[in-house]
Amino acid sequence: MTEKVKVRIDGEVIAATAGQTILEVARANDKYIPALCYMEGLSAVGACRLCMVEVAGVARLLPACTTPVQEGLSVNTTSPQLHSYRKIALELLLVERNHTCAVCVSSGHCELQSLAQEHGVTHVRYPYNYPKLGVDTTHPRYVLDHNRCILCSRCVRTCAEIEGAHVWDVAGRGIQSRLVSELQRPWGEATSCTSCGKCVQACPTGAMAEKGWGVEEMTKRRTVVSRLSSMREGM
Amino acid sequence: MTTAPVTALPHPEDQELIDRIIGDQAGRPGALLGILEKLQEHNRHKYLPMETLEYVAARTGVPQSQVYGVATFYALFNLDPQGTHTIAICRGTACHTRGSRALLERVKLQLGLQETSDGADKVSLTTPDHRFTIRTVACFGQCALAPVVEVDHAIRGHVKEQALIREIEQLRKESAR
Ligand code: SF4
Ligand code: SF4
Ligand code: FES
Ligand code: FES
């Protein structure tokens with residue numbers, strides 16, 4: 001279970017534990033790999049494809065958040081190819097919904113926005129999808145704006161794995177996929193929501209926010225979910 | 001077993017049926033899929049009403065959102081009542097180039113159906129009298145026969161507008177009796 005292995009990340013030899021993922025090992029050793037759907041303390045789903053890395057001897061790119069390390073594994077976290085793929089992934093997230101940063105409560109504190117900036121996404125090269133999407137304002141304290149949802153499922157996993165309520169899930173498939181609460185009930189009428197607000201804190205974008213904030217005002221406590229999860233493990 | 005508050009219960013007879021089907025499938029991997037499939041089969045209008053989904057969630061302990069996710073992920077499940085007759089029009093590439101859009105539009109016109117679609121690629125419309133459902137299919141795998149239409153589960157190839165219209169008229173007359 002606690003078998004020690006040696007891996008290489010960007011050339012540097014690092015001691016790790018078998019079963020840890022590439023991303024976990026990288027983070028524990030201050031090696032940066034961009035990630036969006038990953039959140040420490042939640043199960044990893046490999047949904048956003050931002051954490052793709054090159055592994056020596058493997059022809060295709062692998063997601064760092066779901067790939068476990070093994071003895072002798074050699075990982076490359078940056079290359080022109082990785083950069084261009086991550087850029088494409090970000091652009092596709094941006095065109096899929098209506099991310100109008102200029103009027104967003106989370107502008108300036110949004111993980112999607114900062115990753116786009118970091119990758120030099122100054123414009124997108126694909127046509128916008130402009131879906132007609134709603135905003136669920138039925139909850140007394142929180143709002144869900146589908147226009148800004150990237151379907152990373154961090155809220156789904158937070159509510160299911162940390163709060164234990166499993167209010168959210170992803171319905172439909174492909175381009176028609178949507179976040180739903182219960183049987184597509186308005187959030188305010190969800191019978192299992194405890195109004196704990198953890199999903200809001202876990203959401204990387206402005207899709208989930210507290211009510212009452214204006215543009216750029218919604219900041220989130222990013223570490224709360226991970227802290228809760230680690231406290232539970234320690235119990 | 002969770003006891004999520006149930007806002008509307010299915011008919012008592014249906015509850016019995018659902019309980020029985022859940023009992024039969026319990027413990028099997030992917031039990032939920034099997035349960036939903038059986039329930040839809042048993043439904044008179046071949047769909048899964050919301051009360052049924054809610055009841056299944058309460059009985060199996062699967063979160064409602066997850067039940068809903070499964071029911072909407074698979075194209076085989078319907079959340080709306082289906083018509084007695086089903087006309088499935090292929091909207092695959094081969095059929096498209098052979099005029100399947102015009103066929104679809106013509107049939108919609110004939111049955112007085114209007115798309116409520118929000119640009120969805122998948123169409124599934126049912127007449128208010130529940131006699132006809134028209135739906136689109138991504139490809140029947142019979143592209144050589146394009147355009148392909150399935151009428152009540154029988155495949156028709158090289159479909160001509162007039163022939164299809166006549167066939168639907170015929171079905172309409174039969175079911176009127
Ligand atoms: S507020 Fe808490 S219980 Fe309600 S949906 Fe969010 S995480 Fe789940
Ligand atoms: S609401 Fe936020 S956390 Fe939930 S799936 Fe959408 S972007 Fe992710
Ligand atoms: S962080 Fe690995 S795929 Fe999203
Ligand atoms: S495209 Fe219609 S059957 Fe293949």
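Quick note: structure is the one above.
The notes below deal with the structure included here. If you're wondering where the values come from, they're calculated on a predicted model, not measured in any experiment.

## Describing the overall build of chain B
When helices and strands are tallied, chain B shows seven helices and five strands. Helices and strands in chain B line up, N terminus first, as α-α-α-α-β-α-α-β-β-β-β-α. Judged by the C-alpha coordinates and their principal axes, chain B covers about 55 × 35 × 30 Å. Here chain B, with 177 residues, has 41% of them falling under the buried criterion. Partitioning the intrachain contacts of chain B with sequence separation of at least 6 by distance along the chain shows that 62% fall at a separation of at least 24.

## Regarding the interface of chain B and chain A
Taken together, the 18 residues of chain B in the interface contact 15 residues of chain A. Note on chain B versus chain A: buried area summed over both sides is about 1400 Å², and carbon and sulfur give 56% of it. Inspection of the region where chain B meets chain A yields one salt bridge. For A:Arg185, the salt bridge goes to B:Glu54, with nearest N and O atoms at 3.0 Å. Joining chain B to chain A, the criterion identifies eight residue pairs in polar contact (both at pLDDT 80 or more). Partitioned by chemical class, the residues of the side of chain B that touches chain A number nine nonpolar, seven polar and two charged.

## Description of the packing of aromatic side chains
Applying the stated criterion across every chain, the model contains five aromatic pairs over all chains. Look at B:Phe73 and B:Tyr74: their rings are 5.1 Å apart centre to centre, the planes differ by 80°, and that puts the pair in the edge-to-face class. Since its relative accessible area comes to 34%, B:Phe73 is described here as partly exposed. Its relative accessible area of 33% is what places B:Tyr74 among the partly exposed residues. Among the aromatic side chains, those forming a connected cluster through ring pairs are A:Tyr142, A:Trp168 and A:Trp187. The ring of B:Phe73 has A:Arg173 sitting right over it, with the charged end atom 4.1 Å from the ring centre.

## A closer look at the site of ligand 1
In the region of ligand 1, the neighbouring residues are A:Cys159, A:Glu163, A:Ala165, A:Val167, A:Trp168, A:Trp187, A:Cys193, A:Thr194, A:Ser195, A:Cys196, A:Gly197 and A:Cys199. Of the residues in the shell around ligand 1, the class split is eight nonpolar, three polar and one charged.

## Comments concerning the pattern of salt bridges
Evaluated as defined, the whole model comprises 14 salt bridges over all chains. One salt bridge in this structure joins A:Lys198 and A:Glu163, with 2.7 Å as the shortest N-O distance. Here A:Lys198 is found in helix H5 (residues 198–202), whereas its partner A:Glu163 is found in helix H4 (residues 154–163), with 35 residues between them in sequence. Judged by relative accessible area, A:Lys198 falls into the buried class, the value being 13%. Residue classification places A:Glu163 among the partly exposed residues on the basis of a relative accessible area of 25%. A salt bridge links B:Arg131 to B:Asp129; the shortest N-O distance between them is 3.2 Å. A residue is classified by how much of its surface remains accessible, and B:Arg131, at 23% relative accessible area, is partly exposed.

## Some thoughts on the sheet that holds strand S5 (residues 74–76) of chain A
Remark on secondary structure: sheet strands pair via backbone hydrogen bonds, oriented parallel or antiparallel. Residues and elements named next belong to chain A. The sheet built from five strands is open, its strands ordered S2-S1-S5-S3-S4 with mixed pairing. The sheet terminates laterally at strand S2 (12–17) and strand S4 (62–63), the two strands that pair on one side only. In the sheet, strand S1 (residues 4–9) pairs with S2 via six bridges, with the strands oriented antiparallel. Residue Val5 lies in a different strand from S2, and its bridge partner there is Ala16. Relative to the sheet, helix H2 (residues 80–96) contacts strand S3 (52–55) and S5, its axis offset from that of S3 by approximately 155°.

## Here's the deal with the site of ligand 2
Within the structure, ligand 2 sits among 13 residues, and A:Cys149, A:Cys152, A:Ser153, A:Cys155 and A:Cys203 are positioned closest to it. Along the lines of polarity and charge, the residues of the shell around ligand 2 split into eleven nonpolar, two polar and no charged.

## Quick word on the pairing of strand S8 (residues 168–171) of chain A
All names here are of chain A. Relative to strand S9 (residues 178–181), S8 runs antiparallel, the two being bridged by four bridges. Residue pairing for S9: Asp169 is matched across the bridge by Val180. Here S8 folds back onto S9 in antiparallel fashion, the turn holding six residues, of which Gly172 has a positive phi close to 75°.

Conventions and cut-offs
- Residues numbered from 1 in each chain as written.
- Chains lettered and ligands numbered in written order.
- Predicted model: local features only at pLDDT ≥ 70, side-chain atom pairs only at ≥ 80, totals over all residues.
- Heavy atoms only, no water.
- Helix = DSSP H or I, 4+ residues; strand = E, 2+ residues; numbered from the N terminus.
- Buried < 20%, exposed > 50% of the residue type's maximum accessible area, 1.4 Å probe, protein only.
- Contact = heavy atoms within 4.5 Å.
- Buried area = accessible area lost by both parts, 1.4 Å probe.
- Salt bridge = Lys/Arg side-chain N within 4 Å of Asp/Glu carboxyl O.
- Polar contact = N/O pair within 3.5 Å; in protein donor to acceptor, adjacent residues only side chain to side chain.
- Nonpolar A, V, L, I, M, F, W, Y, C, P; charged D, E, K, R; others polar.
- Phe/Tyr/Trp six-rings, centres within 6.5 Å; stacked < 30°, edge-to-face > 60°.
- Lys NZ or Arg CZ within 6 Å of the ring centre and 35° of its normal.
- Near = heavy atom within 4 Å.
- Pairing = 2+ DSSP bridges.
- Axes fitted to C-alpha atoms, helices over the stretch in contact; angles between N-to-C directions.

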